[in-house]
Amino acid sequence: MQEAFLVFITKISLYPTIIFTGLVMFVTLYWVVSLLGMTDMDSVDLGDAGGDADVSNLSSTGFFTGLMLKFGLYGVPLIIILSLISLIGWLLSYLYTSFLHQNVDSGILYYLFGTGALIFVLVVSMWLTGLIISPIRKNIANIPKRNSSSNVGKIAVVRTLSVTDKHGEAALNDGGAGLILKIRSDMSDNQLKQGDKVVLVEYLDDANTYRVTPVKDK
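These numbers were taken from a predicted model, which means no experiment stands behind them. (Residues numbered from 1 in each chain as written. Predicted model: local features only at pLDDT ≥ 70, side-chain atom pairs only at ≥ 80, totals over all residues. Heavy atoms only, no water.)

A. Examining the pairing of strand E5 (residues 209-214) more closely. Note: strand E3 (residues 179-184) against E5, 2 bridges, orientation parallel. Within E5, the residue paired with Ile183 across the bridge is Tyr210. Looking at chain direction, strand E4 (residues 197-204) and E5 are connected through 6 bridges and run antiparallel. Along E5, the bridge assignment pairs Tyr203 with Tyr210. The turn joining E4 and E5, which pair antiparallel and follow one another in sequence, is formed by 4 residues; a positive phi near 55° is taken by Asn208. (Pairing = 2+ DSSP bridges. Helix = DSSP H or I, 4+ residues; strand = E, 2+ residues; numbered from the N terminus.)

B. Layout of the packing of helix H1 (residues 2-12) against helix H5 (residues 78-99). One way to put it is that H1 packs onto H5 with a least axis distance of 9 Å and a crossing angle of 110°. By the criterion of interaxial angle, the relationship of H1 to H5 is roughly perpendicular. Residue-level contacts link Phe8, Lys11 and Ile12 of H1 to Trp90, Tyr94, Thr97 and Ser98 of H5. (Axes fitted to C-alpha atoms, helices over the stretch in contact; angles between N-to-C directions. Parallel < 35°, antiparallel > 145°, perpendicular 65-115°, else oblique. Contact = heavy atoms within 4.5 Å.)

C. Structural detail: the side chain of Asp196. Checked against the element boundaries, Asp196 lands in the loop between E3 and E4. Among the polar contacts listed, one links the side chain of Asp196 to the backbone nitrogen of Lys193, at a separation of 2.9 Å. Residues in contact with Asp196, not counting those within four places in the same chain, are Ala156, Val157, Val158 and Gln191. (Polar contact = N/O pair within 3.5 Å; in protein donor to acceptor, adjacent residues only side chain to side chain.)

D. Quick peek at a nonpolar patch on the surface. On the surface, a cluster of nonpolar side chains totalling about 410 Å² of accessible area is made up of Leu91, Leu95, Phe99 and Leu100. Tracing the sequence through the fold places Leu95 in helix H5. (Patch = residues over 30% accessible without salt bridge, like charges linked within 9 Å, V, L, I, M, F, W, Y side chains within 5 Å. Areas by Shrake-Rupley, 256 points an atom, 1.4 Å probe, with all protein chains shown as cover. Salt bridge = Lys/Arg side-chain N within 4 Å of Asp/Glu carboxyl O.)

E. Spotlight on the packing of aromatic side chains. Evaluated as defined, the whole model comprises 6 aromatic pairs. Here Tyr15 and Tyr111 contribute two aromatic rings whose centre-to-centre distance is 5.7 Å and whose plane-to-plane angle is 45°, an arrangement assigned as tilted. Of this pair, Tyr15 sits in the loop between H1 and helix H2 (17-35) while Tyr111 is found in helix H6 (residues 107-142), placing the two residues 96 residues apart along the sequence. For Tyr111, a relative accessible area of 51% corresponds to the exposed category. Aromatic side chains Tyr110 and Tyr111 sit 4.9 Å apart centroid to centroid with 85° between the ring planes, which places their arrangement in the edge-to-face category. (Phe/Tyr/Trp six-rings, centres within 6.5 Å; stacked < 30°, edge-to-face > 60°. Buried < 20%, exposed > 50% of the residue type's maximum accessible area, 1.4 Å probe, protein only.)

F. Representation of the packing of H2 against H5 within the structure. Taken N-terminus to C-terminus, the directions of H2 and H5 make an angle of 150°; their axes are 8 Å apart at the nearest point. By the angle between their axes, H2 is roughly antiparallel relative to H5. The element H2 and its partner H5 pack so that their crossing is left-handed. Counting all contacts with H2, which are made through Thr17, Phe20, Thr21, Leu23, Val24, Val27, Tyr30 and Trp31, the residues of H5 involved are Ile79, Ile80, Leu82, Ser83, Ile85, Ser86, Leu87, Gly89, Trp90, Ser93, Tyr94 and Thr97. For the contact of H2 with H5, a count of residues per class yields 13 nonpolar, 7 polar and no charged. (Left-handed = near helix turned anticlockwise from the far one by under 90°. Nonpolar A, V, L, I, M, F, W, Y, C, P; charged D, E, K, R; others polar.)

G. Region of interest: the pattern of salt bridges. Counted under the stated rule, the structure contains 3 salt bridges. For Asp196, the salt bridge is made with Lys193, and the minimal N-O distance between the two is 3.6 Å.

So, in structure tokens, the structure goes:
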């Protein structure tokens, strides 16, 4: 059992699997931090590119954005996309390391074949991730949007460790399962912290966030 574990550790530490192993560790840490309320999750923001950009011309929207559009990597939180790419890439690269890469264990060919495999696995992972999130993205688009401005004036509870003008989340009891809202505060002294009650004073449509102020004690 111990020997098999050591073999497993060795394989996931080999190039190119080590890169995806690092990515898996990163997204796992991010999920843990997010569940603890220390950060919030943002969706991939491609502006109007999601519907109108010509994905055959990557230069029209920028290479990175165009590449994500080409593979359908938009419409869901970025961390979900990274998680899927990391997991799929890790599995494929692990299989490569286990069955093919072991035949070339050193020298220039080791890194040459490894780099080729890395590029191939990354492309396949992005393609498969796009296929997986495609129905999710379509279902999200078909869900009728709530009138977010109707939440203005309601009281929510901060769930992140702090709230700034760029970061923060709050939980709102809507009478159902509850809502997790992105919130922002202009308070320079950063007084808001986890567990504080805040009033949603303004809905910022472009950023899909709420500007909040603390609930004043009576």
